[in-house]
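The chain contents come next:
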Amino acid sequence: MKHKSKTASRRRAGTRGVLGTGSLWTAWTDLCAARLLPRIYAETRRPVARPKFRPTPHRWDDNAITASWLGHSTVLLNFYGLTILTDPVLVRRVGANLRIGTVGPKRLVEPALTVAQLPPIDLVLLSHAHMDHLDLPTLKRLHPSAHVVTARATADILRRTRLKKITELGWGDHGTLHTAHGAVQIRAFEVKHWGARWKRDTYRGYNGYVLSREGKKIIFGGDTAWSDTFRPLRSRGPFELAIMPIGAYQPWVCSHCTPEQALRMADEAGADFFLPIHHRTFSLGQEGPVEPMERLEAVVEKGRLALRDVGETFSVT
């Protein structure tokens, strides 16, 4: 499938904007580990909290949509009997793998499930190549029977894993994936982010996805700043659930949406329920781990929020 992008200028502008923030991006792409070492040393003695909830996927109904937030952007989905894992990151520390270990932020909360506790995965859905979304230590432990759908020009990163059933999608690309537990229709759409894993590989893609099965539809927003690209999705709805990022917007709102913006994008797409991700797991933004959910709860309609905490489970038929 061919990638249907707009222009390269938006990608370059997004990259330049993030490079100018002095964020973890600089440390990862330039391998300037020394800048992070004091922080890493301070974190070594900090305990990682246990999640309040532990999902029990073996009890989930195959005649429903069931979702559990495992932390950060990792959601385990049972989509009418088909099991999906989004942006799997189930390690204690995320970042660049160096000889001294992984250089990057440490979790605030343990993943709600370990890799060993996962059910058999039919589909791994990867939004883009950033290390807090495409985590090789986690992906290397997944069973090779899983299918992978990933963004344009990112499949090469997976060569070091056992995963071989890989499909790249660019914006507007779509198709039907056939798994042992049935078929799912997948369409990639444009979001406002960037896809480079290192400073120079700015050619890599970055996606949001629409998943369709059994007459039901789900939006996985991946990672995005405010964008009007969710509005055209309404004509492809209705959507039972939108999985949307709400954290790391301070000071990087050019690359990460605020909770209010995330809700507005889900509204414009016409999603019934809202499942927030990309917060409370790693210290990636200056807003802290609590503020994103507080802001979201102040604006979301009663009964529409799918879940609030790591490990919680939501289900809708």
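Here is what the cut-offs are and how they apply
- Residues numbered from 1 in each chain as written.
- Predicted model: local features only at pLDDT ≥ 70, side-chain atom pairs only at ≥ 80, totals over all residues.
- Heavy atoms only, no water.
- Helix = DSSP H or I, 4+ residues; strand = E, 2+ residues; numbered from the N terminus.
- Buried < 20%, exposed > 50% of the residue type's maximum accessible area, 1.4 Å probe, protein only.
- Contact = heavy atoms within 4.5 Å.
- Areas by Shrake-Rupley, 256 points an atom, 1.4 Å probe, with all protein chains shown as cover.
- Arc of directions from axis to C-beta.
- Pairing = 2+ DSSP bridges.
- Axes fitted to C-alpha atoms, helices over the stretch in contact; angles between N-to-C directions.
- Phe/Tyr/Trp six-rings, centres within 6.5 Å; stacked < 30°, edge-to-face > 60°.
- Core = buried A, V, L, I, M, F, W, Y, C linked by side-chain atoms within 4.5 Å.
- pLDDT = per-residue confidence, 0-100.
- Salt bridge = Lys/Arg side-chain N within 4 Å of Asp/Glu carboxyl O.

**Here's the deal with the overall build of the chain**
Part 1 of the reasoning: The helix and strand inventory of the chain stands at six helices and 15 strands.
Part 2 of the reasoning: In the chain, which comprises 317 residues, the share counted as buried stands at 58%.
Part 3 of the reasoning: When contacts within the chain are restricted to residue pairs at least 6 apart in sequence, those whose partners lie at least 24 apart make up 67%.
Part 4 of the reasoning: Here the chain has roughly 13400 Å² of accessible surface; of this, 50% comes from carbon and sulfur atoms.

**Quick word on helix H6 (residues 291-299)**
Part 1 of the reasoning: All of the buried residues in H6 are Pro292, Met293 and Leu296. Seen from one end, H6 has its buried residues packed into an arc of 90 degrees, which puts them on one side. Opposite the packed face of H6, turned more than 90 degrees from it, sit the exposed residues Glu294 and Ala298.
Part 2 of the reasoning: Buried residues belonging to H6 abut helix H5 (259-269) and strand E14 (271-277).

**Comments concerning the sheet that holds strand E6 (residues 123-125)**
Part 1 of the reasoning: Read from one edge of the open sheet, seven strands run E8-E7-E6-E3-E2-E1-E15, paired in mixed fashion. The open sheet terminates on both sides in strands that have one partner only, identified here as strand E8 (165-169) and strand E15 (313-316). Between one strand axis and the next, the sheet turns by 20 degrees as a mean value, whatever way the strands run.
Part 2 of the reasoning: Bridge count between E6 and strand E7 (residues 147-151): three bridges; the pairing is parallel. Each residue of the ladder has a partner; that of Val124, found in E7, is Val148.

**Here we look at the sheet that holds strand E13 (residues 239-245)**
Part 1 of the reasoning: On the basis of which strands lie adjacent, the open sheet formed by six strands has the order E9-E10-E11-E12-E13-E14 and mixed pairing. Strands with a single pairing partner mark the edges of an open sheet, and in this sheet they are strand E9 (174-179) and E14. Going across the sheet, the axis of each strand differs from the next one's by a mean of 20 degrees, ignoring polarity.
Part 2 of the reasoning: Of the strand pairs in this sheet, E13 and E14 are connected by six bridges, and their pairing is parallel. What sits directly across from Met244, in E14, is Pro276.
Part 3 of the reasoning: Sheet contacts for H5: strand E12 (216-220), E13 and E14; angle to E13, the most-contacted strand, approximately 155 degrees.

**Focus: the packing of aromatic side chains**
Part 1 of the reasoning: Scanning the model with the defined rule gives four aromatic pairs in all.
Part 2 of the reasoning: Plain terms: the ring middles of Trp171 and Tyr206 are 5.3 Å apart, the flat faces sit at 80 degrees to each other, and that makes the pair edge-to-face. With Trp171 in the loop between E8 and E9 and Tyr206 in the loop between strand E10 (182-189) and strand E11 (208-213), this pair connects stretches of sequence that are 35 residues apart.
Part 3 of the reasoning: With a centroid separation of 5.1 Å and 80 degrees between ring planes, the pair formed by Phe189 and Phe230 is classed as edge-to-face. In this pair, Phe189 is assigned in strand E10 and Phe230 in the loop between E12 and E13, connecting sequence segments 41 residues apart.
Part 4 of the reasoning: Classification of Phe189 by relative accessible area gives buried; the value is 7%.

**Regarding the nonpolar core**
Part 1 of the reasoning: Ile186, Leu241, Ile243 and Leu275 are the most contacted members of the largest nonpolar core, which totals 54 residues.
Part 2 of the reasoning: Every residue in contact with Leu241, bar those within four places of it in the chain, is listed here: Ala67, Leu77, Lys217, Ile218, Ile219, Ala271, Phe273, Phe274, Leu275, Ala306 and Phe314.
Part 3 of the reasoning: Of all hydrophobic cores here, the second largest spans 24 residues; its members include Val191, Tyr206, Leu233 and Val300.

**Some words on the confidence of the model for the chain**
Part 1 of the reasoning: On average, the chain scores 90 in pLDDT, and the residues at 70 or more come to 87%.
Part 2 of the reasoning: Ranking the elements of the chain by mean pLDDT puts helix H1 (residues 8-19) last with 38 and strand E3 (residues 82-86) first with 99.
Part 3 of the reasoning: Every residue in residues 1-33 scores below 50 in pLDDT, and together they form 68 contacts with partners more than four places removed in sequence or on other chains.

**Some words on the pattern of salt bridges**
Pairing is possible between side chains of opposite charge, provided their charged atoms come close.
Part 1 of the reasoning: Summed over the entire model, instances satisfying the criterion amount to twelve salt bridges.
Part 2 of the reasoning: One salt bridge in this structure joins Arg280 and Asp309, with 3.4 Å as the shortest N-O distance. Of the two residues, Arg280 is situated in the loop between E14 and H6 and Asp309 in the loop between H6 and E15; the sequence distance between them amounts to 29 residues.
Part 3 of the reasoning: In the salt-bridge network here, residues are joined through shared partners; they are Lys52, Arg280 and Asp309.

**Re the pairing of E12**
Part 1 of the reasoning: Sheet topology places E11 next to E12; five bridges connect them, and they run antiparallel. Following the sheet pairing, Ser212 is matched in E12 by Lys217.
Part 2 of the reasoning: Remark: two residues form the turn of the hairpin made by E11 and E12, two consecutive strands paired antiparallel; Glu214 in that turn has positive phi of roughly 55 degrees.
Part 3 of the reasoning: Bridging between E12 and E13 involves three bridges; their strand directions are parallel. Considered in E13, the bridge of Ile218 is made with Leu241.

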